[in-house]
Amino acid sequence: MNPNTELPKTYAPSEFEDRIYQNWVDKGYFTPDPESTAPSFSVVIPPPNVTGQLHMGHALDETLQDILVRTKRMQGYNTLWVPGTDHAGIATQIKVEERLRVDEGLTRYDLGREKFLERVWAWKDSYEARITGQLKKLGASCDWTRQRFTMDEGCSRAVREVFVNLYDKGLIYRGHRIINWCPRCLTALSDAEVEYQDQPGNFWHIKYPIKGEDGYVVVATTRPETMFGDTAVAVNPEDEAMNHLIGKTLILPCVGREIPVIADDYVEIGFGTGCVKITPAHDPNDFLVGQRHNLEQIKVMNDDATMNAYAGKYEGMDRYACRKALVADLEAEGYLLKVEPHAHNVGVCYRCGTTVEPLTSDQWFVKMKPLAAPAIEAVENDSIRFVPDRFSKNYFNWMNNILDWCISRQLWWGHRIPAFYCDDCGEMTVSKTDIDVCPKCGGKVHQDSDVLDTWFSSALWPFSTLGWPDMTEDLKKYYPTSVLVTGYDIITFWVSRMIFSGLEHMDAKPFSTVFIHGLVRDAQGRKMSKSLGNGIDPLEVIGTYGADALRFALATGNSPGNDMRFSDEKMEAARNFANKLWNASRFVRMNLTIDEVVLPEADKLSPEDKWILNGFNELAARVNANIEKFEVGVALGAIYDFTWDIFCDWYIELAKARLTEKDTEANVACQNVISYVLNGILKLLHPYMPFITEEIFASLPTLAGDAESIMISRYPAFDESLSYPAEAAEMERIIELIKAIRNRRSEMNVAPSRKAALFIETKYADTFHAGTAPFFARLASASEMTVADKFDEAVVSADTAVQIITPSATAYLPLADLIDFEKEKARLSAELSKMEGEVKRLEGKLGNQGFVAKAPAAVVEAERAKLASAKEKLAATQAALAKLS
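What counts as what
- Residues numbered from 1 in each chain as written.
- Predicted model: local features only at pLDDT ≥ 70, side-chain atom pairs only at ≥ 80, totals over all residues.
- Heavy atoms only, no water.
- Axes fitted to C-alpha atoms, helices over the stretch in contact; angles between N-to-C directions.
- Helix = DSSP H or I, 4+ residues; strand = E, 2+ residues; numbered from the N terminus.
- Parallel < 35°, antiparallel > 145°, perpendicular 65-115°, else oblique.
- Contact = heavy atoms within 4.5 Å.
- Nonpolar A, V, L, I, M, F, W, Y, C, P; charged D, E, K, R; others polar.
- Salt bridge = Lys/Arg side-chain N within 4 Å of Asp/Glu carboxyl O.
- Buried < 20%, exposed > 50% of the residue type's maximum accessible area, 1.4 Å probe, protein only.
- Polar contact = N/O pair within 3.5 Å; in protein donor to acceptor, adjacent residues only side chain to side chain.
- Pairing = 2+ DSSP bridges.
- Expected span 1.5 Å × (residues − 1).
- Arc of directions from axis to C-beta.
- Core = buried A, V, L, I, M, F, W, Y, C linked by side-chain atoms within 4.5 Å.
- Phe/Tyr/Trp six-rings, centres within 6.5 Å; stacked < 30°, edge-to-face > 60°.
- Lys NZ or Arg CZ within 6 Å of the ring centre and 35° of its normal.

A word on the packing of helix α18 (residues 607-628) against helix α22 (residues 725-747). Relative placement of two packed helices is described by the angle separating their axes and the distance separating the axes. Relative orientation of the contacting elements α18 and α22 amounts to 110°, with a least axis distance of 8 Å. Here α18 lies roughly perpendicular to α22, going by the angle between them. Of α22, the residues touching α18 (which contributes Pro607, Glu608, Lys610, Trp611 and Asn614) are Pro725, Glu727, Ala728, Met731, Glu732 and Ile735. Grouping the constituent residues of the contact of α18 with α22 by class yields six nonpolar, one polar and four charged.

Here it is in structure tokens:
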């Protein structure tokens, strides 16, 4: 024990958190030993986007990861936690473009690609530094010597390697297909980047005249502005009401173009009008119908969702303005049959919220079916498991219905697609390295201007961060990683892609377990968002309460996969616990004279020592088991209950007399036991609250085997030699009776200072022996203690004493010791008079038929309930007074 490490009177986390973290970094505690032969435990951080700073969801994610990492490090694993950030293509480019527009009135086109990217790199450097600082303030024990970025040199090399390998296998291709297009971000989106919202809309029922006949067919559409791209109307060939139309020609309203009626079983019999307009360039299902029937694809919108020349007089209009004008014209010309309100699921961009426009485009795709099959099998055979398992359903639903992945984005920020086109012969070359000349004709080449989907590089994160495509020592030692901690909202975006990428490129799963957590919501259960203004900055919380309190609040009650509510009350409770631990530790520290902790032999231990050691031993087993099951909230709850209720409120009180006496064998034994248990509590708690546990640990005597820092000391585990179940059961009986006595005295408003004789009837005479009398004297205000199997009524009885019953004993406290009979009689008499008056008043009110007839039924019932309660109190008061007579 360092004699100069007295704990300050007040817990002030700002005084030591930064100092402690810097010491951990300086000592290299976060960096694993390359020579270690211990089993590996590795985690890659879900890389935060360099779009801004961390929010409370990140704080939860990093806290859960750090709990696992710190626990495994203390359990002796060769532990690596790789930190890093994601370039976040669309999101970051939008941020920088907005900054340009607001601050300088410029667009990216004003700067040009190269200058604009310089601005984005500067943004990245600034926000990456901010994110790193936030992670350190939170206490994240990442290995900062291995910090990565999805566009650093190594990760970029891995991206090119994967792209070319998949291209060479025919799994990446360039094609003209229907894609999701964001008119605001001006880029293609993958299916996973489209979110769906229920929005009000309409079905417009439109007449399409039949050529050469007076009749017409009716089609219903939610997007009439796309009709300029119609190239057919389809009916189901089995639909007897409609199949006579097959082969006829229709006239497209307001356009005059002729289109055929075709037969396709895509049309559902009995749904809608039975006729479906086919717009191959603007609907994914229509696109497939168009391919089957070799229909023309007519794209009627520009990239910004304004109408193009195919829209005729509506050219240049926004799609919604065109819709309004077109519907008005259809109605004026007699083509609009009716308008039917219809709420439907509308796809929006996951970044900007703009309604996505399905349209055909030349894009790059990954062929997914061959990659998805082994990824599905890996989860089906439990090679990879989700915790909780219910989230595997989300995974299977996505993977079993997966479509080819559109990976090209019309952005400047990101990994540029490594495809080069010859200006002379048109040859396309896909290359792992940049090329200047065409390998076919020697002509000049230019690179594809598009970049890859952000998630393409993120999918490689578990192995690209460890050095792949080189077979590095890190890759050999730490891949596959052990666990991925992430939210349920990115299972499709990220988790699924990491699984199939690891299996394809490493021939091994990327991790064994996917630990899913929920969202952090506000105190009312609402999702935190800018629009609601309910977002909370983790740094502000840390500034007010400290990092440990924030981590504690985030882990408290945490259950895998479930959302949690964050509130000021949670933070107050967390700080209260930190204060409780600090004050208890300070009290213990002030009463210690030993420099090293050595537990006494069993025969030198008191009953309360064996009780607390047994309890701590069971706690260690419970905590280890729950962390292994990823029930970190349950584990923390057990630590909290033991620390507050058992150690602070009971053991310290039970041991206080021995702890404060000087120079006795019992005192030394007590010092060792209390130090051992406090040392163990700090270690169990360290992964949750790393700073306060390190600060207290440094002030206490050392335990054999402890390292210079708590974070590299051994995590407690169950120790059979410290198991004392029989002795613990005896102590539980004593505590149970003390609690019951204190509760009864409290109910009777008897001050602790008023002593009373204690008579204990029990078959456990060996438990309630004379040596336990000081416990009852100090903690149950007993003036003397007498124990017997059965007392004669002349000694004590239920008529003259308060009787308190527990499963192991019956205690009697003489009434004469507890109360002043004359004063109590006077108090009860006054209470009796009051209750009689209340009963009389309520009976009179309820006997008034006018009140009962006119008052609301609920009011009458409330008065009747009051009367019943008053009569019960009256009877109880009469009985209590009778006992004293």
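Let us now look at the pattern of salt bridges. Overall, the coordinates contain 52 salt bridges when judged by the stated rule. Residue Asp303 is joined to Lys299 by a salt bridge in which the shortest nitrogen-to-oxygen separation is 3.9 Å. Looking at Asp303, the relative accessible area reads 38%, which means it is partly exposed. In this structure, Asp649 and Lys580 form a salt bridge, with 2.9 Å as the shortest nitrogen-oxygen distance. Taken as a pair, Asp649 in helix α19 (residues 632-660) and Lys580 in helix α17 (residues 568-590) lie far apart in primary sequence, 69 residues in all. Connected through shared salt-bridge partners, Glu193, Arg409, Asp453 and Arg497 make up one network.

The peptide bond linking Val387 to Pro388 adopts the cis configuration, its omega dihedral lying at 0°. As for its placement among the helices and strands, Pro388 is situated in the loop between β15 (385-387) and α10 (391-400). Even without being a glycine, Asn294 presents a positive backbone phi close to 55°. When you line up the elements, Asn294 lands in the loop between α7 (284-293) and α8 (319-332). Relative accessible area serves as the criterion here: at 72%, Asn294 is assigned to the exposed category. The backbone of Asp663 shows a phi angle near 55°, a positive value even though the residue is not glycine.

Positionally, Gln65 belongs in helix α2 (residues 56-74). Given the relative accessible area of 1%, Gln65 is considered buried. Separated by 2.8 Å, the side chains of Gln65 and Asp61 make a polar contact. Apart from residues no more than four positions distant in its own chain, Gln65 is found in contact with Val43, Val44, Ile45, Pro46, Trp81 and Val485.

This part takes up the sheet that holds strand β11 (residues 258-263). Reading across from one edge, β10-β11-β9-β12 is the order of the four strands in this open sheet, with mixed pairing throughout. The sheet terminates laterally at β10 (249-251) and β12 (276-278), the two strands that pair on one side only. In this sheet, neighbouring strand axes are inclined to one another by 35° on average, regardless of whether the strands run parallel or antiparallel. Note: strand β9 (residues 232-235) against β12, three bridges, orientation antiparallel. Note on β12: the bridge partner recorded for Ala234 is Val276.

Once that is clear, we can look at helix α9 (residues 369-380). Spanning 12 residues, α9 covers 16 Å between terminal C-alpha atoms, matching the ideal 16 Å at 1.5 Å per step. Residues of α9 that are buried include every one of Leu371, Ala372, Ala375, Ile376, Ala378 and Val379, and no others. Looking down the long axis of α9, one finds its buried residues gathered within 155° of arc, a one-sided arrangement. Contacts made by the buried residues of α9 are with β14 (357-366), β15, α10 and α14 (491-505). Just past α9, the residue Asp382 takes up positive phi, approximately 65°.

The next subject is the environment of Gly89. As for its placement among the helices and strands, Gly89 is situated in helix α3 (residues 89-104). Placed 380 residues apart in sequence, Gly89 and Pro469 show a C-alpha to C-alpha distance of 23 Å. Contacts of Gly89, omitting those with residues within four sequence positions, involve Leu411, Trp413 and Thr454.

Right, let's get into the nonpolar core. By size, the foremost hydrophobic cluster in this structure holds 189 residues, and its most contacted members are Phe456, Phe566, Phe647, Val677, Tyr688 and Phe776. In terms of residue count, the dominant contributor to this core is α19 (14 residues). Leaving out residues up to four positions away in the same chain, Phe776 has contacts with Ile734, Leu737, Ile738, Ile741, Leu758, Ile760, Phe768, Ser781, Ala782 and Met785. Counting 28 residues, the second largest nonpolar core, distinct from the first, contains Val219, Ile259, Val300 and Met307.

Pairing between strand β30 (residues 801-806) and strand β31 (residues 809-814): six bridges, direction antiparallel. Across the sheet, Val802 pairs through a bridge with Leu813, a residue of β31. Counting the residues in the hairpin turn of β30 and β31 gives two residues.

Once that is clear, we can look at the packing of aromatic side chains. To describe a pair of aromatic rings, you give the distance between the ring centres and the angle between the ring planes. By the definition in use, this model includes 37 aromatic pairs. Where Tyr395 meets Phe396, the ring centres are 5.8 Å apart and the plane angle is 65°; that geometry is what we call edge-to-face. Judged by its relative accessible area of 1%, Tyr395 is buried. By way of ring pairs, the aromatic residues Phe163, Tyr167, Trp364, Trp405, Phe456 and Phe500 are connected into one cluster. Taking NZ or CZ as reference, Lys124 lies 4.6 Å from the ring centre of Phe149, over its face. Here Lys136 stacks its cationic end above the ring of Trp144, 5.3 Å away from the centre of that ring.

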